[in-house]
Amino acid sequence: MTQRALVLLALPIAVLSIEGCSTLSLRAILTRTEQDKYTITVRDTTQQTTYRNAPGERGIIYPSDRAITATRRIEQYDSTTERHYPNFIRFGAFETVGLLATASSDRGVGGGIFGIYLDPNEAFSSEIRPKSALLTGSLYRFGILEMPLYWFDDAPTWSVGTSLGEIFQLEANNSRAVVGVFPLYIRKRFYLREEIPYVAVTAAAGFGFLPSQYLNLAGSLDVGSIGGLNIRTYAGLLIARSIEQQSLVQPYLGLGTSVLDFLNHPRELRRQWDDHEHSSWNIGALRLTPFLLLSGAPANSQQPSIGFQLQVAPTTIALPIADNRICAGVDLFNVVFAFRQKQTLQDAVGFGYGVLPLRIGYWLPFGDSRLTVESFAMYSYFPHSMWQVAATLHIGALEWLPVGISVGYISSAGFTVNRGTIRDVVDATILGFDIAYLGISIGIAEELFRPSQLRYNRAVQ
Amino acid sequence: MAVALFLLTLATPIAVWQLGTSDPFRFWLNEDTTVPLRVWYRGERTAVVKENSHSIRIHGTPRVVLADPSHTQVRMAMVLSGGGALEGIRIRMRTTEHNLSTKGDEGIALIFDRTGTRIVDGSTLLVQTDTLRYEPSRSLRIAVEHEGMESRIAIGCSVFGPFRTRHPATSQTIIEPLGSADAHVLVSDIVAEGVSP
């Protein structure tokens, strides 16, 4: 798994380097810019009249010497306006799918319903032990991009796409793992619902070239995106040579989800970014909250007692209740490091993490600004129980880098890991904890949306 | 084989980027001249066909924009030749497609149809004549010139203007065929030059 991840990471970086960051910059790929040019002309004529009267007494009526100087002046102002439109059908950061019956039931990966609920002893690790599971396999995609494809006399809703990489982990054993870097996908969507969140049936044909060669024929029922979140059910057929050169023909069924995964209906490609409808109060890549423990630090913990919370892909969706202030959210991962405790044999840490933790809260914006207070309760149910209540003052002064002040309480039941990546990183006994904290939150590549940007409010307008 | 697979892998993101586009409704005319013109339109993609580097054929009634990206004050000429289903043509100047569709900024419009010729600036009628009419299959040269606040329009041998207007000069000239979906018009010998930089 680690080798595959490294390959997936290294190859795209190499390709992007070869192809040049300037031409493949994310902005150029994701945004189409239109320019209108104007020249405004202002014409002005000044007339200056000069009288030069001759000296001396010349009587009441006398000729005067009058000179009129007319100055014609033309000023021209050139101006250019730019409009920015989305240039993609789908742009996604991460998709994970739990696959059904891709191996005998005792050789499963054990990723659960979305393929991401991995045993903490094996999460982010290359050593996966076979487990008895209904959803035996997993499919992961990273960095998904789909562009509109106009062919067959401009038949609508076709797209051509790729991703940085995708992994079909059909069973715990790697011998049947299929990995693709920049696979080529052709997709056709049939929209069943043309309002957000969209519902569509998608047919897809994918071709992988390296390191595995494969053909992936799939159909899916897609719901989303809303706030970059999607739910998909899959049925497909994978014809492949695995990374260990084993030929396989594998039908599969799956249920998946994706985060930071944005879908544009074709009509939205003609709507400027500024006019796009938003369903969320915030979407971000990462949110880091270093905090000071107000209570709950054990007596022999390191001082000062400083911990942090890391939320991966935090998303808060506005619900059309109570002026859209009731909100629900989810993170891809939520990691809390509460404290480190010195012990004689081995250190202990207050550590917890959650996969797809659920959040519900109240979002209170101040006017139509990016200054807002979010109060929420979050519950992590996997791999262990952890809950949090908190309030955060978000200040969206800098674009894509909002900061905030957070105060809250986190309670973790703790869990045990004996091996694997988490164990190696933490390198200590994991303890449950109950802490109160005061922290500073930093949203990395996070966007806070104003009330006027919500689609519910735009509909009212 | 491995090299071919590696090249395919490298080519995939480039192919996706080049094949996939959110706005295929555009191409260039006069690419080999110093004043290339960008053609951009709304409607079906097959509604506008590039006949050669100086000509386009328009089917139906899409809104077609000819834009000189580097000049706003231009002298532009074209020869129109339409079929029987075409009722006429409307050419809008001193506005942009975006301003026209979103703000209703109609600029200066030349309406040339079977009843005659009209030139209007918003709601102000500048020119009206019934001696110059659209006749199917008869080619007619139309030339426009925008300089500063003034515009001149020539239809065949008749020159109208200069008209002084408050509309800013823009880089776009918008062609709107009038008639039914069966209408077609050949716009040929499209040339442009900048009047001032």
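Residues numbered from 1 in each chain as written. Chains lettered and ligands numbered in written order. Predicted model: local features only at pLDDT ≥ 70, side-chain atom pairs only at ≥ 80, totals over all residues. Heavy atoms only, no water.

Caption draft 1: View of the layout of surface pockets. Residues and elements named next belong to chain A. As a volume, the largest pocket reaches approximately 1,300 Å³. In this structure, the largest pocket is lined by 38 residues; those nearest its centre are F262, W273, H278, W400 and F449. For the lining of the largest pocket, the secondary-structure elements that each account for two or more residues are α2 (26-30), β3 (90-100), β9 (213-226), β11 (247-263), β12 (280-295) and β23 (433-448). Here the residues of the lining of the largest pocket sort into 17 nonpolar, 13 polar and eight charged. When residues of the lining of the largest pocket are assigned to domains, at least three map to each of domain 1 (2-30 + 86-270) and domain 2 (278-460). (1 Å grid on protein atoms, 1.4 Å probe; cavity = no way out; pocket = protein on both sides within 12 Å on 5 of 7 lines; lining within 4 Å. Points joined across faces, edges and corners; volume = space filled by probe spheres on them. Helix = DSSP H or I, 4+ residues; strand = E, 2+ residues; numbered from the N terminus. Nonpolar A, V, L, I, M, F, W, Y, C, P; charged D, E, K, R; others polar. Domains from an automatic or database assignment.)

Caption draft 2: Geometry of the pattern of salt bridges. Within this structure, the stated rule accounts for 41 salt bridges over all chains. Of the charged contacts, one joins E135 of chain B and R138 of chain B as a salt bridge, the two residues approaching to 3.2 Å between their closest N and O atoms. We classify R138 of chain B as partly exposed; its relative accessible area is 47%. Because the salt bridges share partners, they merge into one network encompassing R90, E95, R141, E146, E166, R187, R189, D222, R232 and D261 of chain A. (Salt bridge = Lys/Arg side-chain N within 4 Å of Asp/Glu carboxyl O. Buried < 20%, exposed > 50% of the residue type's maximum accessible area, 1.4 Å probe, protein only.)

Caption draft 3: Summary view of the sheet that holds strand β7 (residues 86-93) of chain B. Residue and element names in this part refer to chain B. Strand order in the open sheet made by the eight strands is β1-β2-β5-β15-β7-β8-β9-β10, with antiparallel pairing throughout. Strands at the two margins of the open sheet, each flanked by one partner only, are β1 (26-29) and β10 (124-129). Each neighbouring strand pair of the sheet contributes to a mean axis angle of 20°, computed without reference to strand direction. One ladder, built from four bridges, connects β1 with strand β2 (residues 37-41); its direction is antiparallel. The residue bridging F27 from the neighbouring strand is V39, located in β2. (Pairing = 2+ DSSP bridges. Axes fitted to C-alpha atoms, helices over the stretch in contact; angles between N-to-C directions.)

Caption draft 4: Spotlight on the environment of F449 of chain A. Residues and elements named next belong to chain A. Within the secondary structure layout, F449 lies in the loop between β23 and α4 (455-460). We classify F449 as buried; its relative accessible area is 7%. Sequence separation between F449 and G143 is 306 residues, and the spatial gap between their C-alpha atoms is 23 Å. Setting aside chain neighbours within four positions, we find F449 in contact with H278, S280, W281, N282 and I283. (Contact = heavy atoms within 4.5 Å.)

Caption draft 5: Examining unusual backbone geometry more closely. All names here are of chain A. The omega torsion across L210 and P211 is -10°, close enough to zero to call that bond cis. Residue placement: P211 occurs in the loop between β8 (199-208) and β9. The omega angle of the peptide bond from G224 to S225 is 5°, so this bond is cis rather than trans. The backbone of A101 shows a phi angle near 55°, a positive value even though the residue is not glycine. Here A101 lies in the loop between β3 and β4 (137-148). A positive phi angle, near 55°, is found at A313, a position not held by glycine. Locating A313 in the fold gives a position in the loop between β13 (306-312) and β14 (315-318).

Caption draft 6: A look at the sheet that holds strand β3 (residues 48-52) of chain B. Residue and element names in this part refer to chain B. Taken together, the seven strands give an open sheet; going across it, the order is β3-β4-β16-β6-β11-β12-β13, and neighbouring strands pair in antiparallel fashion. Looking at which strands have only one partner, the edges of the open sheet turn out to be β3 and β13 (158-164). Strand-to-strand twist of the sheet, defined as the mean angle between neighbouring strand axes without regard to direction, takes the value 20°.

Caption draft 7: Structural view of a nonpolar patch on the surface. All names here are of chain A. Residues L292, L294, I306, I405, V407 and L438 make up a contiguous nonpolar surface patch of about 520 Å² in total accessible area. Secondary-structure elements contributing two or more residues to the nonpolar patch are β12 and β21 (403-412). As for its placement among the helices and strands, I306 is situated in strand β13. (Patch = residues over 30% accessible without salt bridge, like charges linked within 9 Å, V, L, I, M, F, W, Y side chains within 5 Å. Areas by Shrake-Rupley, 256 points an atom, 1.4 Å probe, with all protein chains shown as cover.)

Caption draft 8: Spotlight on the interface of chain B and chain A. The interface of chain B with chain A comprises 39 residues on the first partner and 39 residues on the second. The contact between chain B and chain A buries some 3,500 Å² in all, and 59% of this surface belongs to carbon and sulfur atoms. Counting the surface chain B buries against chain A, the share from its top three residues, V16, W17 and S22 of chain B, is 19%. The interface formed by chain B and chain A includes three salt bridges. Put simply, E34 of chain A and R38 of chain B hold a salt bridge, and the shortest N to O gap is 3.6 Å. In this structure, the connection of chain B to chain A is made through eleven residue pairs in polar contact (both at pLDDT 80 or more). Those elements that provide at least two residues to the side of chain B that touches chain A are α1 (2-19), α2 (97-103) and β14 (169-170) of chain B. One ladder, built from two bridges, connects strand β1 (residues 31-51) of chain A with β14 of chain B; its direction is antiparallel. Within the sheet, the bridge partner assigned to Y38 of chain A lies in β14 of chain B and is T170 of chain B. (Buried area = accessible area lost by both parts, 1.4 Å probe. Polar contact = N/O pair within 3.5 Å; in protein donor to acceptor, adjacent residues only side chain to side chain.)

In short, shape yes, function no, at least from these values alone.
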